[in-house]
Amino acid sequence: MSDGNLFPTPEHAVALYREDTQELYRQADRVRRRVFGDRVFVRGLLEFTNVCAANCHYCGIRRDNTAVHRYRMDEEGILDVIGRGIERGMKTFVLQGGEDPEWTTARLCRFLERVRLRFGNETAITLSCGLKSPADYRDLKHSGADRYLMRFETGDPVLHQRLRNGISLKRRLKGLHDLKDAGFEVGSGYMTGLPGETEDIRIRNALLCRELELDMVGIGPFIPHPQTPLGGSPQESLSHAVRAVALVRLLLPEANIPATTAAGSLQPDGREQMLKAGANVLMPNITPVDHKKDYLLYPGKICLDESGFECVGCLSLRVKTVDQALCFDRGDSPAFAGRTG
Ligand code: SAH
Ligand code: SF4
């Protein structure tokens, strides 16, 4: 153990991961409680466009899936949803989308400036819209974005290049460094259960999160989508993702780690399992109901018929079952504050 016996060393954490799942979960829960208490931070997730020029083999909205009905929200629509979230006490919004050529960096920047004018600086805006140039990231940060999420998906270079349709792991990691240089609070993460993944790759994925000193880490189970090249792949167990959350909590005690929608989609109590294993964030999906059904990265996604604002009631009951409580603070990452402050 290190840090005055508070947090296990990486070697100890990996040994726990390999040997004893119950002890791994117990330690991860202890570390989470020590850093965050019983608070589960709430982020409103808004899927603002499902148009994507990329063609990742795992993703249901990839360019070549012609069966998808494409939509693109406009500025007024997005501002309206953010405003409704703020009325309900939300302070953090994640704007996620495909790599949409019409939502250019210049357009995003103009939009972010409007968000700042209308809602002030109390609100944290997180973007998640893929790979861009260093200058793009600097402009987005300068225009008012606070955080950026971009998973590396898998830390295995061969698998990465294959599944991301030729884009290299090196390029993705450069993007994460560029985001950090631009001053963002940076989130990344990965899927578990991709075809070709081994236990060794799973451990390396977690260690890569530590190497990158991430402020946020999103981990979800890969769920095969029938209209993709990986449609025939087996569904691997959710337990890989839950164990990964626990390991990453031990490796990065201060990171914000969501209990992901994909976990809740694969198993009804998937998010609760993650909250008990070290996760400390929930992201209700506040995308307008008309669009939700068209943002199917994977099949079986939950809460498609409800407004995410209604989901908050359900989530507050769910977190009670694991002895935690929703918290509407901005929830800036203590890791980020430590790095920049
Ligand atoms: N276009 C952006 C953000 C949207 S995709 C990007 O790619 O970074 C958001 C996340 O959905 C991806 O990072 C990936 O980890 C996840 N995802 C995509 N397809 C999935 C699938 N079939 N099962 C589970 N998660 C998936
Ligand atoms: Fe596009 Fe993201 Fe899906 Fe890849 S994972 S196809 S970049 S939306």
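Only a predicted model underlies this, so the values are computations on that prediction, with no experimental measurement involved.

Asker: How do you make sense of the site of ligand 1 when you look at a structure like this?
Answerer: As a matter of local geometry, ligand 1 sits amid 16 residues, with Y58, G97, R151, E153 and I223 nearest to it. With respect to ligand 1, the backbone of G97 contributes an N or O atom lying 3.0 Å from a nitrogen atom. R151 is positioned with one of its side-chain polar atoms (N or O) 2.9 Å from an oxygen atom of ligand 1. For ligand 1, the accessible surface in isolation is 550 Å², of which the surrounding protein chains cover 93%.

Asker: What exactly am I supposed to notice about the site of ligand 2 here?
Answerer: Near ligand 2 the following residues occur: C52, A54, C56, Y58, C59, I61, R62 and G98. Each residue belonging to the shell around ligand 2 can be placed in one class, and the counts come to six nonpolar, one polar and one charged.

Asker: Could you clarify how one ought to interpret the sheet that holds strand β5 (residues 147-149) in this entry?
Answerer: Within a sheet, adjacent strands bond to each other through the backbone by hydrogen bonds, running parallel or antiparallel. Read from one edge of the open sheet, six strands run β2-β3-β4-β5-β6-β7, paired in parallel fashion. Each having just a single partner strand, β2 (44-49) and β7 (216-221) make up the two edges of the open sheet. Each neighbouring strand pair of the sheet contributes to a mean axis angle of 20°, computed without reference to strand direction. The pairing of β5 with strand β6 (residues 185-192) spans three bridges and is parallel. Paired with R147 across the bridge in β6 is E185. The sheet contacts of helix α3 (residues 75-87) involve β2, β3 (92-97) and β4 (124-128), and relative to β3 the element is tilted by about 150°. The strands that helix α4 (residues 105-119) touches are β2, β3 and β4; relative to β4, the one it contacts most, it runs at about 160°.

Calculation notes
Residues numbered from 1 in each chain as written. Chains lettered and ligands numbered in written order. Predicted model: local features only at pLDDT ≥ 70, side-chain atom pairs only at ≥ 80, totals over all residues. Heavy atoms only, no water. Near = heavy atom within 4 Å. Polar contact = N/O pair within 3.5 Å; in protein donor to acceptor, adjacent residues only side chain to side chain. Areas by Shrake-Rupley, 256 points an atom, 1.4 Å probe, with all protein chains shown as cover. Nonpolar A, V, L, I, M, F, W, Y, C, P; charged D, E, K, R; others polar. Pairing = 2+ DSSP bridges. Helix = DSSP H or I, 4+ residues; strand = E, 2+ residues; numbered from the N terminus. Axes fitted to C-alpha atoms, helices over the stretch in contact; angles between N-to-C directions. Contact = heavy atoms within 4.5 Å.

Keep in mind these values describe shape, not function.
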